Amino acid sequence: MQTVDNTQDQIEFDQRIEAEQKIEPTDYMPEAYRQNLIRQMSQHAHSEVIGMQPEGNWITRAPTLRRKAVLLSKVQDEAGHGLYLYSATESLGITRSDLIEALQSGAAKYASIFNYPTLTWADIGAIGWLVDGAAIVNQISLQRTSYGPYARAMVRICKEESFHQRQGYEIMTVLAKGSAEQKQMAQDAMNRNWWPSLMMFGPHDSDSAHSGKSMKWKIKRQPNDYLRQKFIDQTVPQIEVLGLQMPDLKLKWNEDNGNYDSGEINWEEFYQVINGSGPCNYQRIKHHKKAHKEGEWVREAVRAYQEKQTAKNQTNVA
Ligand code: BYC
């Protein structure tokens with residue numbers, strides 16, 4: 001049964017959400033709000049970290065020193081995004097090791113797109129352009145999310161994603177204007193990454209389990225289908241500039257509603273991938289477990305240092 005205090009807290013929480021005030025870690029929040037944030041934010045953090053793998057795969061094979069430096073820097077940025085987001089999630093009262101355990105056991109998801117392989121250099125262009133491009137559309141909206149630490153993390157992340165998107169588009173521009181073989185590589189990478197990029201926005205609103213409460217609490221500010229359409233509308237003209245064939249023959253400007261019509265996503269594939277049976281799911285988690293295990297000595301050193309500092313502080317106080 002709810003106590004009077006709790007009811008008052010709940011009323012004040014609802015008023016703050018209504019007034020567009022941010023909820024901060026020490027503020028009262030309903031347990032379901034907290035759990036929903038932990039779910040979404042930790043999955044976002046996992047996506048950033050797992051997302052390093054498909055691109056990291058090309059660092060040693062980037063075609064020039066400049067491309068290698070740019071890619072290395074981009075992949076480091078993704079690690080940084082993961083770290084901000086893990087820290088922001090920890091402010092909700094869950095430990096980093098619990099979050100990692102949920103990822104490795106399959107209890108927590110990460111963006112489906114990272115379960116596809118990066119077969120050629122053009123995939124690096126397509127990921128920067130399409131995947132970071134889709135991420136920006138979603139994350140600009142999340143800059144206005146109701147939880148303060150998440151909203152603030154999004155502001156910085158969006159700035160970096162914007163650079164990522166441009167470097168990807170620049171790779172695509174060079175390939176699309178290069179030899180016939182390079183143009184074909186760009187076309188193929190775009191064709192393969194197009195549908196998984198659209199899947200990044202999640203299921204249709206009518207099938208979205210969390211949208212109702214997430215929109216009510218202003219964790220999510222715009223629905224999945226709206227953001228997906230926005231991405232399609234801004235990306236189709238970019239495909240035209242590249243001079244590539246459309247990845248979906250149903251993409252067509254609709255004068256009546258001022259949007260591009262498009263074909264239907266293969267939702268069976270989407271659910272297979274998010275439930276662990278995509279082309280690279282096994283490989284991604286296996287690699288994460290290996291890297292995590294190899295990093296144990298770093299965590300141990302941090303713990304030892306913290307214990308030493310605590311003991312030193314206690315001696316000073318005594
Ligand atoms: N992939 O009720 P729904 C990046 C799950 S990384 C996997 O609509 P919600 C980058 C969903 O979690 C940027 N799972 O959920 C990094 C839920 O399952 P659970 C990543 C998906 O949360 C490196 C179920 O399906 N961005 O930019 O209301 C290199 C039902 O869905 C997906 C973010 O994480 C998916 N695509 O809406 C390059 C953005 N879609 O949890 C680039 C933050 C849905 O019940 N997240 N699911 O087991 C969000 O905005 C929202 O969580 C979503 C889904 C729009 C993704």
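Our subject is the structure that appears above.
Residues numbered from 1 in each chain as written. Predicted model: local features only at pLDDT ≥ 70, side-chain atom pairs only at ≥ 80, totals over all residues. Heavy atoms only, no water.

Q: Would you explain empty space enclosed by the protein in this entry?
A: Tallied over the entire structure, the rule returns two cavities of 30 Å³ or more. Approximately 50 Å³ is the volume attributed to the largest cavity. Lining the largest cavity are I17, E20, Q21, K22, R144, T145, S146, K218 and R221. What lines the second largest cavity is simply P54, I113, F114, Y116, P117, T118, I127 and N193. (1 Å grid on protein atoms, 1.4 Å probe; cavity = no way out; pocket = protein on both sides within 12 Å on 5 of 7 lines; lining within 4 Å. Points joined across faces, edges and corners; volume = space filled by probe spheres on them.)

Q: For this particular structure, what's the right way to read the side chain of Q104?
A: Mapped onto the fold, Q104 is located in helix α5 (residues 96–105). Only 2.9 Å separates the side chain of Q104 from the side chain of H288, close enough to count as a polar contact. The contact partners of Q104, leaving out residues within four places of it in the chain, are I285, H288, K289 and H292. (Helix = DSSP H or I, 4+ residues; strand = E, 2+ residues; numbered from the N terminus. Polar contact = N/O pair within 3.5 Å; in protein donor to acceptor, adjacent residues only side chain to side chain. Contact = heavy atoms within 4.5 Å.)

Q: Would you mind going over the packing of aromatic side chains with me for this structure?
A: Each aromatic ring pair is characterised by the separation of its centres together with the angle its planes make. What the rule picks out here adds up to 10 aromatic pairs. Ring centres 5.8 Å apart and planes at 85° place the aromatic pair Y33 and W217 in the edge-to-face group. One end of the pair, Y33, is in helix α2 (residues 31–50); the other, W217, is in the loop between α9 (211–216) and α10 (224–242), with 184 residues separating them in the sequence. In this structure W217 comes out as buried when scored by relative accessible area, which is 9%. Relative to Y260, the ring of W253 lies with its centre 5.0 Å away and its plane at 70°, an arrangement referred to as edge-to-face. For W253, a relative accessible area of 40% corresponds to the partly exposed category. A relative accessible area of 12% means that Y260 is categorised as buried. Directly above the ring of W58 sits R61, whose terminal nitrogen or CZ lies 3.9 Å from the centroid. (Phe/Tyr/Trp six-rings, centres within 6.5 Å; stacked < 30°, edge-to-face > 60°. Buried < 20%, exposed > 50% of the residue type's maximum accessible area, 1.4 Å probe, protein only. Lys NZ or Arg CZ within 6 Å of the ring centre and 35° of its normal.)

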